[in-house]
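Each chain, letter by letter, is given below.
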Amino acid sequence: MASVDLTFLGTGNAFAPGGLCWNGFLLDGRHMFEAPPQALQSLNRLDVDPNSVETVVLSHQHGDHFLGLPFLLLHWEHMGRTAPVRIIAPLGTRESMLRACELAFPDVTAGQYGIEWADAEAGRSVGAGGMTIEPVEVNHDPKLERCLGYHVQYGGRRLGYTGDSTLCDGVLDLARGAEVLVSECASRDMQLPVHMNLVDDIPVLRGAMQVTSELVLTHLGPNIDTNGLPHTRVAEDLVRYAL
Ligand SMILES: [Zn+2]
């Protein structure tokens, strides 16, 4: 059975606690989930060629999740990219994300190499680079158009990613379906209306998973550990996991 190969570009929540890089990860070294502000720097530190990124999957339009996009587009435009890139983002977010990129670096969205943008919405699968991605609506910031998590089938394995969310039906659906679940865990014990915490929510999420499935915590607040939960780990910046 093939491993689920995850490399974390960063693991912090929006406040970058303790100097953590903002959350994002690579699947199989070539499919990027989230484009955190330091994504390009993290790729370079990992010695991953930014031009080899085939797909970018974005969960929602918060800065810690997509503001690395202008730097990636800048690199791809001027540093020899020739292959197209597929960017998958929630329906309704494309225009404002592109506008933010243009404000950062004019003309960076020209993309002579080819930018293939795909809108994501719950219940409609998207194919990209050998992945079948099924968006799931999650409960995060009501001011945003859409906040999504994702079921991902890839290489015969089932990955789930919660994006940012409270403990809701969407994340429980992801938990039940995943062999490997990457979940946000934005604080240790704060009860926030937009996030999950370690002591109240993550045990419920873990309980919805198959016993032998792997849970990986990211988008971390301070003082996050595994809380004694089985088959659970706390992701670290710039570390690769084969699960
Ligand atoms: Zn968010």
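Residues numbered from 1 in each chain as written. Predicted model: local features only at pLDDT ≥ 70, side-chain atom pairs only at ≥ 80, totals over all residues. Heavy atoms only, no water.

Glancing now at the coordination of the zinc ion. In this structure, H60 (NE2), H62 (ND1), H140 (NE2) and D164 (OD) serve as the protein donors to the zinc ion, at separations of 2.2 to 2.4 Å. Each donor residue of the zinc ion lies on one chain, and together they are spaced H-x1-H-x77-H-x23-D. You can see H62 sitting in the loop between β4 (55–57) and α2 (63–66) and its partner H140 sitting in the loop between β8 (131–137) and β9 (148–154), a full 78 residues away along the chain. (Donors = N, O, S within 2.8 Å, 3.2 Å for Na, K, Ca; no water. Helix = DSSP H or I, 4+ residues; strand = E, 2+ residues; numbered from the N terminus.)

Counted residue by residue, strand β11 (residues 180–185) has 6 buried out of 6 residues, so it is predominantly covered. Bridge count between strand β10 (residues 157–161) and β11: 3 bridges; the pairing is parallel. Looking at the pairing, G160 lines up with L181 of β11. Following the backbone out of β10, through helix α5 (residues 169–177) and into the adjacent parallel β11, one traces a crossover that is right-handed. Here β11 runs beside strand β12 (residues 214–220); their pairing, made up of 6 bridges, is parallel. Considered in β12, the bridge of C185 is made with L220. This β-α-β element, β11 to helix α6 (residues 202–208) to β12, shows right-handed connectivity. (Buried < 20%, exposed > 50% of the residue type's maximum accessible area, 1.4 Å probe, protein only. Pairing = 2+ DSSP bridges. Right-handed = clockwise from strand over helix to strand, strands pointing away.)

With that settled, consider the packing of aromatic side chains. Within the structure shown, the criterion is met by 7 aromatic pairs. Pairing F33 with Y161 gives two aromatic rings, centres 6.3 Å apart and planes at 80 degrees, and the pair type is edge-to-face. In this pair, F33 is assigned in strand β3 (residues 31–33) and Y161 in strand β10, connecting sequence segments 128 residues apart. Each of the two residues, F33 as well as Y161, counts as buried. Relative to Y113, the ring of W76 lies with its centre 6.3 Å away and its plane at 75 degrees, an arrangement referred to as edge-to-face. (Phe/Tyr/Trp six-rings, centres within 6.5 Å; stacked < 30°, edge-to-face > 60°.)

Size it by volume and the largest pocket reaches roughly 230 Å³. Lining the largest pocket are 16 residues, with N13, A14, F15, A186 and H195 sitting closest to its centre. Taken together, the residues of the lining of the largest pocket break down into 6 nonpolar, 6 polar and 4 charged. (1 Å grid on protein atoms, 1.4 Å probe; cavity = no way out; pocket = protein on both sides within 12 Å on 5 of 7 lines; lining within 4 Å. Points joined across faces, edges and corners; volume = space filled by probe spheres on them. Nonpolar A, V, L, I, M, F, W, Y, C, P; charged D, E, K, R; others polar.)

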